[in-house]
Structure formats: C-alpha cells, structure tokens
Amino acid sequence: MFIKYNGAMTSLPSYELGNFKFRAGKPRPFGATITPDGINFSIFSCYATSCSLVLFERGAETPLVEIPFLESFRTGDVYAMTVLDLDPNAIEYGFRLDGPFEPADGHRFNAQRILLDPYAKSIGGLDKWAEPGGSEGIFPYRARPYVDDFDWEGDRQLNIPLEDIVIYEMHARGFTAHASSAVKAPGSFAAIIEKIPYLKRLGVNCIELMPVFEFDELDNDLKNPETGEQLRNFWGYNPVGFFAPKAGYAASADAPRELKSLVKACHQAGIEVWLDVVFNHTAEGNENGPTISYRGIDNSIYYLLKPDGSYYNFSGVGNTVNCNHPVVRVVLLDCLRYWVSEYHIDGFRFDLASSMGRDPEGLPDPDPPLLEVLAYDPLLANTKLIAEAWDAGGLYQVGSFPAYGRWAEWNGRYRDDLRRFVKGDAGMVGAMAARIQGSPDIYGERGPCASVNFVTAHDGFTLRDLVSFNHKHNLANGEDNRDGMDENLSWNCGGEGPSADAEVRSLRERQMKNFLSILLLSQGVPMLLMGDEIGHSKGGNNNSYCHDDEMNYFDWGALGANAALFRFTQHLIQIRQAHPVLRRHAYLKHLPADALNFCESISFHGREPWAPDWSDESRQLAVMLCGANPADDEAAGILYLIMNAYWETANFGLPRLPQRLTWHVAVNTSMSPPHDSYPPGQAMPLEDQDLMIVGARSVVLLAAG
C-alpha cells in the first residue's frame, strides 16, 4: 500500500513504500539519471500492461524493494519515476514488465524475469573476466547508475583526416593477456595504455577495438575436443548492453573510467580510438535464447520477426535488431551520441552493417532511415562511420551501401582481389590497378577514402596463416571443422602448416611483405590486424572467436624473433606518412605517356614503361604516382611501385624522370633484411636508372630523389 504525501522541499505529490519515497519522473532521458534529490528511472514499452522498478543492494540476490509505476507515472508509452534519496553507488536496478505472451504476434512478455535496462551505463554480474555470475539467479545482468565525474582535461576527438589514418584492429583483452606482456593488469584497458609506446613505434594512428560493449564470455556451451577445455565467446560479438563497457576488461571496479582513461591517453599520443559496434543482433538469440532485456520489454518492436513471430536471422546468431523502427532508431542514435560525447570516441565500425538497412519485412531498404540519420546527425558530424557492407543473410553491398556522403566501407573486394593477385592467379592485373587507385570502379564519386583496405581481419586467416595454409583448421572450435569460411583465397607456398623447408619459409616471408607493401601503398584507408606485424599464427584457425588463449593473444615474446617483419611494416607506414601522394582524398588523374606535367597523377606500366600488360596471363604491373609538380618542388614525391606476382625474375624498364631526379630503392621484398626496406630519406640510389631487375614474386618501390 502506498502512502501519498508532499515532501518538505517540493510541492510535487510523492509516495512511500516502506523506507522508499518516490514520485512521477521525467520521461527523458531514458535509463537511470542521477538528480539532485534521487535517481530518475525511465523506460519505454508499447505493449506492456504494467511495469515495476526492482532495486537491489549491490551484489545482493534478493531485492530491496519493487516499486510499481503508477498509471500517473506513464506518459504515452514511457514509464518514469524518481526515487528519492538513493545512493547510486550502493544499488543495482532492473525492470519487471508484464504483458501478453503471444509469440505468433511477436509478444514474449515474462513477468518472472527482471530485465536489464537497455540504457544501462554500467552493468554488473560480469565484473571479473570469465568468472561465473552472469547467467544464474533472478537478475543475472545488473544495471547500475553511473556517476560520471571524469576529468578530460580539455580532451576532444582528434579529427585526423580519414586519408591520413592507419588502422590497427585490436582485441582489447588479447593485446595484453599473454604472459609475456609484462603489464600490471594483463587483458585490461589499463594495460593497453602501457603499450601505447609500442603503437607509436609501429606508426599506427588509430586503434579499432573489437567489441567492448558488455557481453557474456561464458555464453558458449562447446568444448575444445583436443583439450577438453570449455570454450568462450572471446571476441564479444554477442552484446548484452549497448551503453556499458565490458566490466571484465577493466583492471579496476570502474570500467567506464578506465576506458575513458585509455581514450584520453591515446589522444595524447595522437592515436584515434574507434569501436567495433554490434547493432545487428543481441545476446538474446532466437526463440530458444535467454530473455535479458529487449525481448521482455517489447520483442515485436526491437527485433525483425517473420509473419509467424519467429526471428529473422540476418546476423547468423539467432536474431536481427529492427534497426529502422522509429523507437529502435532513437536507441541506437542515443547510443552513438553517448559514446561520442561521454567517451570521445573517434569512429565506429558497424558489424554486418547491411542488416541495419533492412526494412521490417527483412528486405533491403534503398533509403534506410537509420543510416541516413547517423550520416546527418550533428553530434556525429566529425565521427568516422565505417560499414561492414554485408550481412549473414546474403546481402552484399560493397560499393552500393547507402552512404549519404558520409559512410566508408570495409572493402571486401580489395581483400579478395589482392589475395588472388599476390598468390599468382591469372586475370587479376586489371582488378589490382583499380584497387591500388582506391577502387574508383566501386566507389566512383565517393573517392578513395570510402575504401577501408585490408588483407586480413579478426575474421579469417592471419597474414602468417594466409601464406601457410590452403585450408581452415578449426577442429579446436568444437564444430567438426564446419564453422568458418571454406574459401580463403590462400596459398601455403608449398606445404600445409609450419615448414622446415628453407625455400618455403623464405617465400612465405616474401609473400607477407608483398601483401603489406601493396596494402600500405594503396590509395584508401589501410587496416592492419593485430599481430600481423610480428607474423602471428593461429595454426590455420580462421574462426578463432571462442579461444581465450595464445591462439588469440599477442605474443610479446615473439617480437624479437620477428623484428625484421616489424621493422619492414614500420618503414612502410613511415613511407606512407612521408608521401602525401599515397594519402589522397580524391582520385589521382591518369597521366598519358606524352605528358610533360607529372603533377598529381597516376599511370600504369608493364615490363616496359607506359606499356601495361592487361592480358589474362599477365601477373605483373607497375604504377607511377606523382605528387606536386617536381618542377616546382623536387621533394614533392614521385613513386614507382613494381608488382611481380609471376614465379620468375623479370626486368622492368623505368620511366625517365624529370631533370635532377634519380630513382632510389625504398622497398624490395626479394632482398634479405635489412636491405628489404628503408625509412624515408634513406632509400638506396639505383645504379641503372633505366632498368630494374625484380625478383620472382616480389614487390619493389622506387622513390625519386
């Protein structure tokens, strides 16, 4: 029974339930908002028949109190109340909603469940990595009000031009979890701060963190058949909440503060921080999955449902978020605004982004409201938006993703074409010419910065495995090698897996350097996979999502043994930074053979200058890139990239340079370290200015100087 009263400090009518005083709250903002006299709680549900707030003492199994929202506390479809005199650091909270359980109509209300607030800024129940606690009890995922008093000391988004970015895709735990990491708290946000000098030394200026939204790493029933060990959901592509950082990634009890400290430290070092965002699905899975939040709040609104009430599965893991519903659109926009305003995040990569463009019937919408509103939102105006332009339902939109002049894309065609060319497939020279330019055949007026170029990513083979395995080796995942892609466009260079053959090992090293060279010398935005710079191998596993072990950990002890590959990668990044012609916001114009002005141009060549071989049997291509007019600026930069994917050495004639300039060798992957690469300004003069002997399966970069 409630007792109504008027508080001494306010004329607003209030109520009591036991020791708790409460009153009607403010509908916006959603979630838990700390006010001068208490905490305001607000939640939306269209089809619920009742809602109550459930308060817990932190860590307690039973509630302190359950307070129903009175009808007068409801505005439209929003329930809101303010509970007075609550200590935000002492409580956890959830919601209990009742309503119809009619799956055929899309409704799956369950009043027995206490539900997680979709807007929870901090989530308990999964506080320590891999410690049980997130899947049992009446309230497994515990929303916590968050007191934000972080001092940013004037920090802001870095706003590095997209053409100047070099991305390093990183797993927040895997980067420092290895025993060799020599950090205070391995596997944590804080540990990454200790490794910022390494990132600076490598030369990258952007880290793209694989999912850091709260997720349940114990959400995996499979075991490793080779060891019997329980597998985990290591990568984190199963979000529990969109607004809260992963508590298990924090060395402290305050994950939000620790992640903010990481962002701030990266910004001080000139490194942007991007997040890999999973909006395409949630951890609730299909009709057999757990009810955590959205399903129990408004299943028919938050998920794409078939006519029979079952779930569309364009994500491959059970459900698909109904991103273009007006209410869901608000949640996702609020989410990104929150990460930008409160965490100063510089960019977002959207996992399986094509699913975000599907309409309520699951069909591709040519003008998706969510993608448009994100592109034009004023708070996101300086934030990079990167789409993985496909989904698990077969929708592939590389080049046709609704961009609105703002979106860039993971260029899957770049990855595939580069893999085919470097391993020596026929008929790839024309495609490589397009990829080197930033894929104008795909992106047209959008320009080269629409193309995020990559050879490897968390999904698929590492760079080392790409040149060491013809087939996936995923038995350790517990799915009889059925999971992961079957077609990797890889080549093992003469023997499957590790090899003692000196020729095979040498060829593999050369092929890795060939991939890195072309990637970092292409127009567009290059992305490196964590560990590729030291030749990390996953033993041929191309779907290592479930391994919380050395398979996914960066081995800091291997840095010494692979110092030559690290140095080579480092030099390529330095060369890219030193030559503006490699970092163009617009496509270079094509230079004809009789041109006198080399200014801001690109031209294609073969074994003879100005004579590219576009035939299907050709496996050789040379590209000349020219910056500003050398007549005005001798240091402006003319580069000549020679790619010989053929299995024999070849002679390449060289274009004649303007007076006073000569060719210097900056990169030659056929040479042994340290003569395989040189930092800017230290390239070796070429004795014969008319001819370059290029080794079999190798890449050469000449710089004019």
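Keep in mind that this is a model prediction, so the values were computed, not measured.

### Notes on the environment of Asp117
- Mapped onto the secondary structure, Asp117 falls in the loop between strand E12 (107-108) and strand E13 (122-124).
- In this structure the C-alpha to C-alpha distance between Asp117 and Ala703, which are 586 residues apart in sequence, comes to 57 Å.
- Apart from the residues lying within four places of it in its own chain, the contact partners of Asp117 are Gly31, Ala32, Tyr93, Phe95, Ala143 and Ser293.
- In this structure the side chain of Asp117 is engaged in a polar contact, spanning 3.0 Å, whose partner is the backbone nitrogen of Tyr119.

### Here we look at the pattern of salt bridges
- Under the definition given, this model contains 37 salt bridges.
- For Asp441, the salt bridge is made with Arg413, and the minimal N-O distance between the two is 3.8 Å. Of the two residues, Asp441 is situated in helix H9 (residues 440-443) and Arg413 in helix H7 (residues 412-422); the sequence distance between them amounts to 28 residues.
- Among the salt bridges present, the one from Arg420 reaches Asp417, with a minimum N-O distance of 3.8 Å. Residue Arg420 and its partner Asp417 are located together in helix H7, separated by three residues, close to a single helical turn.

### A closer look at the nonpolar core
- The biggest cluster of nonpolar side chains holds 199 residues, and the ones touching the most others in it are Phe41, Tyr168, Leu209 and Phe350.
- The greatest single-element share of this core, amounting to ten residues, is contributed by helix H5 (residues 326-343).
- Counting 20 residues, the second-largest nonpolar core is a separate cluster that includes Leu591, Met624, Ala650 and Leu686.

### Observations regarding the layout of surface pockets
- Approximately 490 Å³ is the volume found for the second largest pocket.
- Forming the walls of the second largest pocket are 29 residues, and the residues nearest its centre are Asp127, Ser252, Ala253, Asp254 and Ala255.
- Elements with a minimum of two residues in the lining of the second largest pocket: E13 and helix H3 (255-268).
- In terms of residues, the lining of the second largest pocket owes the most to one element, H3, which gives three residues.
- Tallied by class, residues from the lining of the second largest pocket come to 15 nonpolar, six polar and eight charged.

### Some points on the sheet that holds strand E25 (residues 620-626)
- The strand order across the open sheet built from seven strands is E23-E24-E25-E26-E31-E28-E29, with neighbouring strands paired in mixed fashion. Each edge of the sheet is formed by a strand with only one pairing partner; in this case those strands are strand E23 (589-590) and strand E29 (684-685).
- Alignment of strand E28 (residues 663-668) against strand E31 (residues 698-704), held across five bridges, turns out to be antiparallel. Bridged to Trp663 within E31 is Ala704.

### Some remarks on the sheet that holds strand E19 (residues 384-387)
- One closed barrel holds the eight strands; their spatial order is E15-E16-E17-E18-E19-E20-E21-E22, and the pairing between them is parallel. Adjacent strand axes in the sheet meet at a mean angle of 25 degrees, parallel and antiparallel pairs treated alike.
- Taken together, the four bridges between strand E16 (residues 206-209) and strand E17 (residues 272-277) define a ladder with parallel strand orientation. Bridged to Glu208 within E17 is Trp274.
- H5 rests against E17 and strand E18 (347-350) of the sheet, and its axis sits at about 145 degrees to E18.

### Observations concerning unusual backbone geometry
- Residue Arg28 is joined to Pro29 through a cis peptide bond whose omega torsion reads 0 degrees.
- With respect to the helices, strands and loops of the structure, Pro29 is situated in the loop between strand E3 (20-24) and strand E4 (31-35).
- Here Pro673 and Pro674 are connected by a cis peptide whose omega angle stands at 5 degrees.
- Turning to its location among the elements, Pro674 is positioned in the loop between E28 and E29.
- The backbone of Arg660 sits at a positive phi, close to 75 degrees, despite the residue not being glycine.
- Relative to the elements of secondary structure, Arg660 occurs in the loop between strand E27 (650-653) and E28.
- Since its relative accessible area comes to 59%, Arg660 is described here as exposed.

### Structural notes on empty space enclosed by the protein
- The full count for this structure, using the stated rule, is eight cavities of 30 Å³ or more.
- Of the residues contributing to the lining of the largest cavity, the split by class is nine nonpolar, six polar and two charged.
- For the second largest cavity, the calculated volume is near 60 Å³.
- In this structure, the second largest cavity is lined by Phe30, Ser42, Ile43, Phe44, Asp117, Pro118, Tyr119, Ile297, Tyr302, Val327 and Val331.

### Describing helix H12 (residues 563-578)
- Taking 1.5 Å of rise per residue, 16 residues should cover 22 Å, and H12 covers 22 Å from first to last C-alpha, within 8% of that figure.
- When H12 is considered as a whole, its buried residues turn out to be Leu565, Phe566, Phe568, Thr569, Gln570, His571, Leu572, Ile573, Ile575 and Arg576.
- Turning to H12, the residues buried within the fold contact helix H2 (196-202), helix H11 (502-521), strand E22 (525-529), E28 and E31.

### Here's the deal with the packing of H7 against H11
- Their axes nearest at 11 Å, the elements H7 and H11 cross at an angle of 135 degrees. In terms of orientation, H7 lies oblique with respect to H11. Seen from above, H7 lies across H11 with right-handed handedness. Across the interface between the two elements, Tyr414, Leu418, Arg419, Phe421 and Val422 of H7 pack against Gln511, Asn514, Phe515, Ile518 and Leu519 of H11.

### Details of the side chain of Gln620
- You can see Gln620 is positioned in strand E25.
- Polar contacts involving the side chain of Gln620 include one to the side chain of Asn644, which spans 3.0 Å.
- If near-sequence neighbours (up to four positions away) are discounted, Gln620 is found in contact with Val429, Arg607, Asp613, Met643, Asn644, Tyr646, Ala650 and Phe652.

### Points about the pairing of E22
- Of all five residues in E22, five are buried, a share of seventy percent or more.
- In E22, alternate side chains face the same way, and those of Val525, Met527 and Leu529 on one face and Pro526 and Leu528 on the other are all buried.
- Pairing between strand E15 (residues 167-170) and E22: three bridges, direction parallel. Within the sheet, the bridge partner assigned to Glu169 lies in E22 and is Leu529.
- Examined bridge by bridge, strand E21 (residues 451-454) and E22 share three bridges and lie parallel to one another. Bridge assignment links Phe454 to a residue of E22, and that residue is Met527.

Here is what the cut-offs are and how they apply
Residues numbered from 1 in each chain as written. Predicted model: local features only at pLDDT ≥ 70, side-chain atom pairs only at ≥ 80, totals over all residues. Heavy atoms only, no water. Helix = DSSP H or I, 4+ residues; strand = E, 2+ residues; numbered from the N terminus. Contact = heavy atoms within 4.5 Å. Polar contact = N/O pair within 3.5 Å; in protein donor to acceptor, adjacent residues only side chain to side chain. Salt bridge = Lys/Arg side-chain N within 4 Å of Asp/Glu carboxyl O. Core = buried A, V, L, I, M, F, W, Y, C linked by side-chain atoms within 4.5 Å. Buried < 20%, exposed > 50% of the residue type's maximum accessible area, 1.4 Å probe, protein only. 1 Å grid on protein atoms, 1.4 Å probe; cavity = no way out; pocket = protein on both sides within 12 Å on 5 of 7 lines; lining within 4 Å. Points joined across faces, edges and corners; volume = space filled by probe spheres on them. Nonpolar A, V, L, I, M, F, W, Y, C, P; charged D, E, K, R; others polar. Pairing = 2+ DSSP bridges. Axes fitted to C-alpha atoms, helices over the stretch in contact; angles between N-to-C directions. Expected span 1.5 Å × (residues − 1). Parallel < 35°, antiparallel > 145°, perpendicular 65-115°, else oblique. Left-handed = near helix turned anticlockwise from the far one by under 90°.

None of this, on its own, says anything about what the molecule does.
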